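So you can see what is in the structure, the chains are spelled out below.
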Amino acid sequence: MNLCNSRLSVTFVRQCSTIFTSSILQNKCSSINGRVSSCSSSFSAHRTMSSGHRGSRDSSGSPGPAGAAGVGGAPPFQHPHCDRAAMYEQPVRKMRTKGGTYDYDLIVIGGGSAGLACAKEAVLNGARVACLDYVKPTPTLGTKWGVGGTCVNVGCIPKKLMHQASLLGEAVHEAAAYGWNVDDKIKPDWNKLVQSVQNHIKSVNWVTRVDLRDKKVEYINGLGSFVDSHTMLAKLKSGERTITAQTFVIAVGGRPRYPDIPGAVEHGITSDDLFSLDREPGKTLVVGAGYIGLECAGFLKGLGYEPTVMVRSIVLRGFDQQMAELVASSMEERGIPFLRKSVPLSVEKQDDGKLLVKYQNTETGEEAEELFDTVLWAIGRKGLVDDLNLPNAGVSVQKDKIPVDSQEATNVANIYAVGDIIYGKPELTPVAVLAGRLLARRLYGGATQRMDYNDVATTVFTPLEYACVGLSEEDAVKQYGADEVEVFHGYYKPTEFFIPQKSVRYCYLKAVAERHGDQRVYGLHYLGPVAGEVIQGFAAALKSGLTINTLINTVGIHPTTAEEFTRLSITKRSGLDPTPASCCS
């Protein structure tokens with residue numbers, strides 16, 4: 001009890017002293033003419049412990065009231081490849097509620113991660129909000145889904161669940177080596193798996209609708225198109241409805257592309273269809289070697305099917321190419337064939353229901369054909385701008401995406417865009433969620449914090465997972481020059497791989513860093529088990545200015561694979577063998 005009272009006393013004293021200090025700083029600023037800007041900077045840098053609204057803090061963690069000087073200073077820490085000062089050059093646009101002038105203060109177009117996060121946060125900050133959401137059925141199977149967007153329905157969530165199902169199948173067979181008596185006849189039930197995944201998705205759809213209702217966001221299930229910059233026509237099941245708003249946020253995301261070849265739309269499916277497919281996929285041709293294609297091929301193989309990956313040019317475009325090739329090699333080692341430098345020419349359905357795919361090697365010009373049960377298109381995604389009638393509102397479009405500035409503002413003053421629809425930004429759910437929330441706080445909560453799109457961690461959920469944060473080795477060399485970049489790397493042996501004698505050939509990681517000076521870390525890359533769990537904490541460290549010295553002087557947790565980052569000591573430049581001799585010394 002005494003200890004508890006002591007802690008309460010210390011907390012109370014700290015809060016009182018903070019309030020007192022803050023008051024002195026404010027009085028000092030108001031009493032000295034000509035020094036207001038410098039005092040404002042001092043006050044902004046002072047970290048308070050008062051319980052202000054979370055939306056009122058800028059990216060440095062400092063209070064950002066509406067009357068704060070300028071745009072509220074950029075964060076003091078300047079990451080080497082994140083120009084935060086430039087990001088804060090323009091003043092923040094703020095939209096205040098104007099009750100009665102429009103039907104709503106804000107209309108969010110799109111019921112996915114970005115749109116829902118923005119809509120709910122705007123309501124919390126006093127805005128009247130509607131969320132307009134509509135899903136067009138897929139052209140081949142007519143697949144459609146409920147509120148929640150790509151991530152919940154046909155993206156991250158079902159993908160991770162099927163990935164987990166494939167890992168469990170692998171683990172069951174490994175269990176025998178650990179002494180478990182396992183029936184060799186164990187096999188997956190595709191229909192049961194699909195039903196379980198869909199049941200979970202529907203529960204999330206329901207919870208999301210309830211959450212919108214509780215937070216007073218009006219959900220409108222309709223397809224919206226602009227009449228002008230403040231007016232939208234919504235096509236509903238019951239007819240058409242015209243609605244107006246002071247501000248619009250476009251968060252419609254994207255959908256998979258189909259190639260322009262005979263039979264592509266009639267006979268091929270995409271990830272929009274796969275997670276609810278009412279038959280076993282069987283022998284599957286996955287066209288495309290981005291992360292969606294590789295993830296789907298990976299879990300299909302783990303579930304006992306026969307995927308083949310067709311690669312037009314390179315694997316995992318946009319990722320570190322050394323790591324990308326290691327991912328592909330690890331999949332080939334598991335029995336997943338890759339058709340390199342190949343493009344499909346046509347898909348023809350045979351009398352027995354199988355699909356005859358004709359394709360061509362782009363280097364030799366040689367043509368070939370092969371039969372498959374399923375053809376899965378994974379050749380990229382297209383922004384859903386066509387139905388919006390953006391020219392009516394004057395909004396610019398760039399390659400079926402919407403260009404925005406550092407505030408997610410379009411070229412039209414009252415129209416913003418967040419999530420996968422914006423041009424040139426990471427298409428990831430956590431990015432969309434945070435960007436949507438921050439936008440709403442700036443528009444209606446008096447905040448100044450802007451989304452930092454640099455150094456976003458991500459994971460490719462292939463059988464051997466790949467996670468990274470920061471710059472690839474290629475991008476670091478391009479930005480700083482080969483002589484100024486040092487790459488620390490190493491292979492490692494996960495302890496849990498030993499007894500079942502799993503391959504450790506592709507378990508590899510590296511840190512891309514500054515060669516001289518503090519040796520600041522530019523990027524971290526990891527290929528191995530539970531990659532996402534490993535890289536998340538390192539992502540925070542990297543954004544906080546991680547150096548090689550800090551990394552190698554951090555004591556690792558043993559035995560884990562995450563500790564391998566703390567054991568990095570061999571550079572590529574040295575030419576030494578990065579293969580470990582022992583796990584414990």
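What you are looking at is a predicted structure, and each value in this text was computed from that prediction instead of being measured.

Enquirer: How would you sum up the packing of helix H4 (residues 113-124) against helix H13 (residues 429-444)? Please name residues and give values.
Expert: When two helices pack together, their arrangement is given by the angle between their axes and by how far apart the axes lie. In contact at an axis separation of 7 Å, H4 and H13 are set at 30 degrees when each is read in the N-to-C sense. In terms of orientation, H4 and H13 fall into the roughly parallel class. Read as a crossing pair, H4 and H13 show a hand that is right-handed. The segment H4 lies against H13, with Ser113, Ala114, Ala117, Cys118, Glu121 and Ala122 engaging Thr429, Ala432, Val433, Gly436, Arg437, Leu439, Ala440, Arg441 and Tyr444. Considered class by class, the residues forming the contact of H4 with H13 number nine nonpolar, three polar and three charged.

Enquirer: Explain the environment of Ala297 residue by residue, including any values.
Expert: The residue Ala297 is located in helix H10 (residues 291-302) in this model. As a C-alpha pair, Ala297 and Pro307 span 10 residues in sequence and 5.5 Å in three-dimensional space. Beyond its immediate sequence surroundings of up to four residues, Ala297 is in contact with Val286, Pro307, Val309, Met331 and Ile336.

Enquirer: Explain the confidence of the model for the protein chain residue by residue, including any values.
Expert: Interpretation of the predicted coordinates at a detailed level should be avoided for regions scoring low in pLDDT. Across the protein chain, the average pLDDT comes to 88, with 83% of residues at 70 or higher. In this model residues 1-74 is a low-confidence stretch, pLDDT under 50, and it forms 68 contacts with partners more than four residues away in sequence or in other chains.

Enquirer: Could you give me a rundown of the nonpolar core, with the residues and numbers involved?
Expert: Core analysis: the biggest nonpolar cluster contains 66 residues, and Leu524 and Phe565 have the highest contact counts within it. Those residues within four positions of Phe565 in sequence are excluded, and the remaining contacts are Leu509, Lys510, Leu524, His525, Tyr526, Val534, Ile535, Phe538 and Leu551.

Enquirer: Any details on empty space enclosed by the protein? Residues and values, ideally.
Expert: Under the counting rule described, the total for this entry stands at one cavity of 30 Å³ or more. In this structure, the largest cavity encloses a volume near 40 Å³. Taken together, Gly419, Asp420, Ile422, Lys425, Pro426, Leu428, Val431, Ala432, Ala435 and Tyr453 form the lining of the largest cavity. Grouping the constituent residues of the lining of the largest cavity by class yields seven nonpolar, one polar and two charged.

Enquirer: Got a sec to walk through the packing of aromatic side chains? Specific residues and values, please.
Expert: This model, assessed by the stated rule, comprises nine aromatic pairs. With centroids separated by 4.3 Å and ring planes inclined at 10 degrees, the aromatic side chains of Tyr480 and Tyr522 adopt a geometry described as stacked. Highlighted residues: Tyr480 in helix H14 (residues 473-480) and Tyr522 in strand S22 (residues 521-528), separated in sequence by 42 residues. The class for Tyr480 is partly exposed, based on a relative accessible area of 23%. Joined through ring pairs, the aromatic side chains of Tyr492, Tyr526, Phe538 and Phe565 make up one cluster. It is Lys283 that lies over the ring of Phe372; its NZ or CZ is 5.1 Å from the centre. Between Lys502 and the ring centre of Phe497, over which it is positioned, the NZ or CZ distance is 4.3 Å.

Enquirer: Which residues make up helix H11 (residues 321-333), and what are the values?
Expert: The first and last C-alpha atoms of H11 sit 18 Å apart over 13 residues, in line with the 18 Å expected at 1.5 Å per residue. Considered for burial, the residues of H11 that qualify are Met323, Ala324, Leu326, Val327, Ala328, Ser330 and Met331. Those residues of H11 hidden inside the fold are in contact with H10, strand S11 (338-339), strand S19 (465-470), strand S21 (508-514) and S22. One or two residues past the end of H11 sits Gly335, with phi positive at roughly 100 degrees.

Enquirer: So, the UniProt feature "binding site: NAD(+)" (unreviewed entry) in the protein chain: which residues are in play, and what are the values?
Expert: With numbering aligned to this structure, UniProt lists the feature "binding site: NAD(+)" (unreviewed entry) at Gly288, Ala289, Gly290, Tyr291, Ile292, Gly293, Leu294, Glu295 and Gly380. Across 93 residues of sequence, these annotated residues stay compact in space, with a maximum C-alpha separation of 13.7 Å. When you line up the elements, Ala289 lands in the loop between strand S9 (283-287) and H10. A relative accessible area of 9% means that Ala289 is categorised as buried. Discounting residues that sit within four places of it in the chain, Ala289 has contacts with Leu294, Val309, Met310, Val311, Ile314, Val315, Leu316 and Ala378. Within the secondary structure, Gly380 is located in the loop between strand S15 (374-377) and strand S16 (381-383). Overall, Gly380 belongs to the partly exposed group, its relative accessible area being 32%. Beyond its immediate sequence surroundings of up to four residues, Gly380 is in contact with Arg255, Pro256 and Arg257.

Enquirer: Can you break down the pattern of salt bridges residue by residue, with the values?
Expert: The full count for this structure, using the stated rule, is 26 salt bridges. Between Glu370 and Lys283 there is a salt bridge whose closest N-O contact spans 2.9 Å. With Glu370 in strand S14 (residues 367-372) and Lys283 in strand S9, this pair connects stretches of sequence that are 87 residues apart. Look at Lys283 and you get partly exposed, because its relative accessible area is 24%. Across the pair Lys510 and Glu473 runs a salt bridge whose closest N-O atoms are separated by 2.7 Å. Of the two residues, Lys510 sits in strand S21 while Glu473 sits in helix H14, which places them 37 residues apart along the sequence. Residues joined in a network through salt bridges with shared partners are Glu170, Glu174, Arg334 and Lys502.

Enquirer: So what about the side chain of Asn205? Which residues, and what values?
Expert: Mapped onto the fold, Asn205 is located in helix H7 (residues 190-214). Residue contacts for Asn205: discarding those within four places in its chain leaves Gly146, Val147, Val152 and Asn153.

Enquirer: An account of the sheet that holds strand S13 (residues 355-361) is needed here, citing residue identities and associated values.
Expert: One open sheet holds the three strands; their spatial order is S12-S13-S14, and the pairing between them is antiparallel. The open sheet terminates on both sides in strands that have one partner only, identified here as strand S12 (342-349) and S14. With direction set aside, neighbouring strand axes in the sheet form an average angle of 25 degrees. Pairing of S13 with S14 involves six bridges; the strand directions are antiparallel. By the bridge assignment, Lys358 is partnered in S14 with Glu369.

Cut-offs and rules
- Residues numbered from 1 in each chain as written.
- Predicted model: local features only at pLDDT ≥ 70, side-chain atom pairs only at ≥ 80, totals over all residues.
- Heavy atoms only, no water.
- Axes fitted to C-alpha atoms, helices over the stretch in contact; angles between N-to-C directions.
- Helix = DSSP H or I, 4+ residues; strand = E, 2+ residues; numbered from the N terminus.
- Parallel < 35°, antiparallel > 145°, perpendicular 65-115°, else oblique.
- Left-handed = near helix turned anticlockwise from the far one by under 90°.
- Contact = heavy atoms within 4.5 Å.
- Nonpolar A, V, L, I, M, F, W, Y, C, P; charged D, E, K, R; others polar.
- pLDDT = per-residue confidence, 0-100.
- Core = buried A, V, L, I, M, F, W, Y, C linked by side-chain atoms within 4.5 Å.
- Buried < 20%, exposed > 50% of the residue type's maximum accessible area, 1.4 Å probe, protein only.
- 1 Å grid on protein atoms, 1.4 Å probe; cavity = no way out; pocket = protein on both sides within 12 Å on 5 of 7 lines; lining within 4 Å.
- Points joined across faces, edges and corners; volume = space filled by probe spheres on them.
- Phe/Tyr/Trp six-rings, centres within 6.5 Å; stacked < 30°, edge-to-face > 60°.
- Lys NZ or Arg CZ within 6 Å of the ring centre and 35° of its normal.
- Expected span 1.5 Å × (residues − 1).
- UniProt positions renumbered as here; feature names shortened; annotations may be inferred.
- Salt bridge = Lys/Arg side-chain N within 4 Å of Asp/Glu carboxyl O.
- Pairing = 2+ DSSP bridges.

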